Amino acid sequence: MEFVTYETEGAVGIITINRPKALNALNSQVLDDLNEAFDSVDLGEIRALILTGAGEKSFVAGADIGEMSSLTKAEGEAFGKKGNDIFRKIETFPIPVIAAINGFALGGGCEIAMSCDIRLCSENAVFGQPEVGLGITPGFGGTQRLARIVGVGRAKEMIYGARNIKADDAYRIGLVNHVYPLEELIPAAKKMAAGIAKNAPIAVRNCKKAINEGLQVDMDQAIVIEEKLFGDCFESYDQKEGMAAFLEKRKVEAFLNK
Ligand code: CAA
C-alpha cells in the first residue's frame, strides 16, 4: 500500500492514512489502499481498530481536489460511490473503529471520521464540510451522516455555510466524544481500543450491529434486531465464561471469540 500503513499492537489494529504532503487528502489510490487495509485485518485476532492520519497537522484534508477538478458528472458520481463504498465498509466493519483525529478533518476527512464508531480528536482539530465553497456537495456521506450525528439544524448550518468548527465546538455538539492534547490522542485511542478489545468479541460485534441496524428502522423492528443479536450470544464459549466468572466470583480467564 502506497499511502496507508497498518500495524497491530496485541488485539488492536492501527490504520494510518499516510500522505502528509497533501495533508492526507483522499485520492483514488488512498481509497484503494484503505480498502486493502481493512480487507487485511485478521478478524480472528483483532478486536478494535484505530484510524488516524500521519503527521501533526492533518487527519484528512478532504477528497483530492486536484483529482476531482476535471471529473465529468458520471465520473463525479463514480468517485462518490468509490468513497461511499469504503466508508460504508468502515461503518459496517464487524469490529469497532475509533477515529483518532489529529488535525484537519475537512470534507472527506470529516466524512471518514463520521463513518467510524467513535471519534476522539486533538485540540488542534478542525472539522468542516467546505464543499459548497468548491461548487460541489459533500460526496462521501456528509449530507447524510452529519445530520444524523449532530442534528439537522447544525448540519445544515455547517454544510450550507461551509463553516469550519474547532475541536471544542465539535465536542459541544457531539461530533467528537473527547478532546486531548495532540500528544495524548493516540495513547488515549489505544487505551480505549484496548478497553473494548478485552470484552467479549461476539457481544461487542453484535452491539455494533444492533445499534447501527436498529437506527435505520422503527422501534418495533429495532427491538427484534436486538432480540436476535442478544439470542445469538448465548451458547457461546464467551457467554458461558463471562457468566460463570460472575457467578463463581472470579475474573474472566479469557474471552476466546467463540
Ligand atoms: N486535495 C488536494 N490537495 C490538498 C488538499 C485536498 N483536499 N488539502 C490540502 N492539499 C494540499 C495542498 O494543495 C498543498 O499542496 P502543495 O504543497 O503541493 O501546494 C498541501 O496539501 C498543503 O496544503 P496548504 O498549503 O493549503 O496548507 P495550509 O496549512 O495553508 O492549509 C487547509 C490547510 C486549510 C486544510 C487547506 O489545505 C485546505 O483548505 N484544503 C482543502 C480542504 C477542503 O476543501 N476539503 C474538502 C475537499 S472536497 C471533498 O472532500 C468532497 C467530498 O466530500 C468527497
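Keep in mind that this is a model prediction, so the values were computed, not measured. (Residues numbered from 1 in each chain as written. Predicted model: local features only at pLDDT ≥ 70, side-chain atom pairs only at ≥ 80, totals over all residues. Heavy atoms only, no water.)

## As for the site of the ligand
Point 1. Taken together, 23 residues surround the ligand, and among them K57, A63, G108, E111 and E131 come closest.
Point 2. Note that a nitrogen atom of the ligand is positioned 2.9 Å from one of the backbone N or O atoms of A61.
Point 3. Protein chains shield 60% of the accessible area of the ligand, which is 980 Å² for the free molecule.
Point 4. Of the residues that constitute the shell around the ligand, the class distribution is 14 nonpolar, four polar and five charged. (Near = heavy atom within 4 Å. Polar contact = N/O pair within 3.5 Å; in protein donor to acceptor, adjacent residues only side chain to side chain. Areas by Shrake-Rupley, 256 points an atom, 1.4 Å probe, with all protein chains shown as cover. Nonpolar A, V, L, I, M, F, W, Y, C, P; charged D, E, K, R; others polar.)

## Here's the deal with the nonpolar core
Point 1. Of all hydrophobic cores here, the largest spans 47 residues; its most connected members are L34, I101, F127 and L175.
Point 2. Excluding its chain neighbours within four sequence positions, the residues that come into contact with L34 are V4, I15, I17, L26, L51, I86 and I112.
Point 3. Within the second largest apolar cluster, 16 residues are counted, among which are I98, I118, A189 and I196. (Core = buried A, V, L, I, M, F, W, Y, C linked by side-chain atoms within 4.5 Å. Buried < 20%, exposed > 50% of the residue type's maximum accessible area, 1.4 Å probe, protein only. Contact = heavy atoms within 4.5 Å.)

## Re the packing of helix α1 (residues 28-39) against helix α3 (residues 73-91)
Point 1. Axis separation between α1 and α3 bottoms out at 10 Å; the angle between their running directions is 25°. The angle between α1 and α3 falls in the class roughly parallel. In the packing of α1 onto α3, the handedness of the crossing is left-handed. Only F79, K82, G83, I86, F87, K89 and I90 of α3 make contact with α1, whose side of the interface consists of S28, L31, D32, L34, N35, F38 and D39.
Point 2. Each residue belonging to the contact of α1 with α3 can be placed in one class, and the counts come to seven nonpolar, three polar and four charged. (Axes fitted to C-alpha atoms, helices over the stretch in contact; angles between N-to-C directions. Helix = DSSP H or I, 4+ residues; strand = E, 2+ residues; numbered from the N terminus. Parallel < 35°, antiparallel > 145°, perpendicular 65-115°, else oblique. Left-handed = near helix turned anticlockwise from the far one by under 90°.)

## Looking at a negative patch on the surface
Point 1. On the surface, E56, E123, E183 and E184 cluster together to form a negatively charged patch.
Point 2. Looking at the secondary structure, you find E123 in the loop between β7 (118-122) and β8 (126-128). (Patch = residues over 30% accessible without salt bridge, like charges linked within 9 Å, V, L, I, M, F, W, Y side chains within 5 Å. Salt bridge = Lys/Arg side-chain N within 4 Å of Asp/Glu carboxyl O. Lys, Arg positive; Asp, Glu negative; His and termini not counted. Charge placed at Lys NZ, Arg CZ, Asp CG, Glu CD.)

## Observations regarding the sheet that holds β8
Point 1. Read across the sheet, four strands follow the order β4-β6-β8-β9 without closing on themselves; strand pairing throughout is mixed. The open sheet terminates on both sides in strands that have one partner only, identified here as β4 (58-60) and β9 (165-166).
Point 2. Sheet topology note: the β4/strand β6 (residues 104-106) ladder contains two bridges and is parallel. Residue pairing for β6: S58 is matched across the bridge by F104. (Pairing = 2+ DSSP bridges.)

## With respect to the pattern of salt bridges
Point 1. Scanning the model with the defined rule gives 13 salt bridges in all.
Point 2. Here R19 and D64 are joined by a salt bridge, their closest N and O atoms 2.7 Å apart. You can see R19 sitting in the loop between β2 (12-17) and α1 and its partner D64 sitting in the loop between β4 and α2 (65-68), a full 45 residues away along the chain.
Point 3. On the basis of relative accessible area, R19 is assigned to the buried category, the value being 16%.

## Description of the layout of surface pockets
Point 1. Here the largest pocket defines a volume of roughly 950 Å³.
Point 2. Around the largest pocket, the lining is made up of 29 residues, and of these E91, D117, I211, N212 and L215 lie nearest the centre.
Point 3. Of all the secondary-structure elements, those providing two or more residues to the lining of the largest pocket are α3, β7, α5 (142-150) and α9 (201-214).
Point 4. Element by element, the count of residues in the lining of the largest pocket is highest for α9, at eight residues.
Point 5. Tallied by class, the residues present in the lining of the largest pocket amount to 12 nonpolar, seven polar and 10 charged.
Point 6. When its volume is computed, the second largest pocket comes out at roughly 540 Å³.
Point 7. Elements with a minimum of two residues in the lining of the second largest pocket: α2, α3 and α4 (108-114).
Point 8. In terms of residue count, α3 provides more of the lining of the second largest pocket than any other element does, five residues in total.
Point 9. Across the lining of the second largest pocket, the residue classes break down as 12 nonpolar, nine polar and four charged. (1 Å grid on protein atoms, 1.4 Å probe; cavity = no way out; pocket = protein on both sides within 12 Å on 5 of 7 lines; lining within 4 Å. Points joined across faces, edges and corners; volume = space filled by probe spheres on them.)

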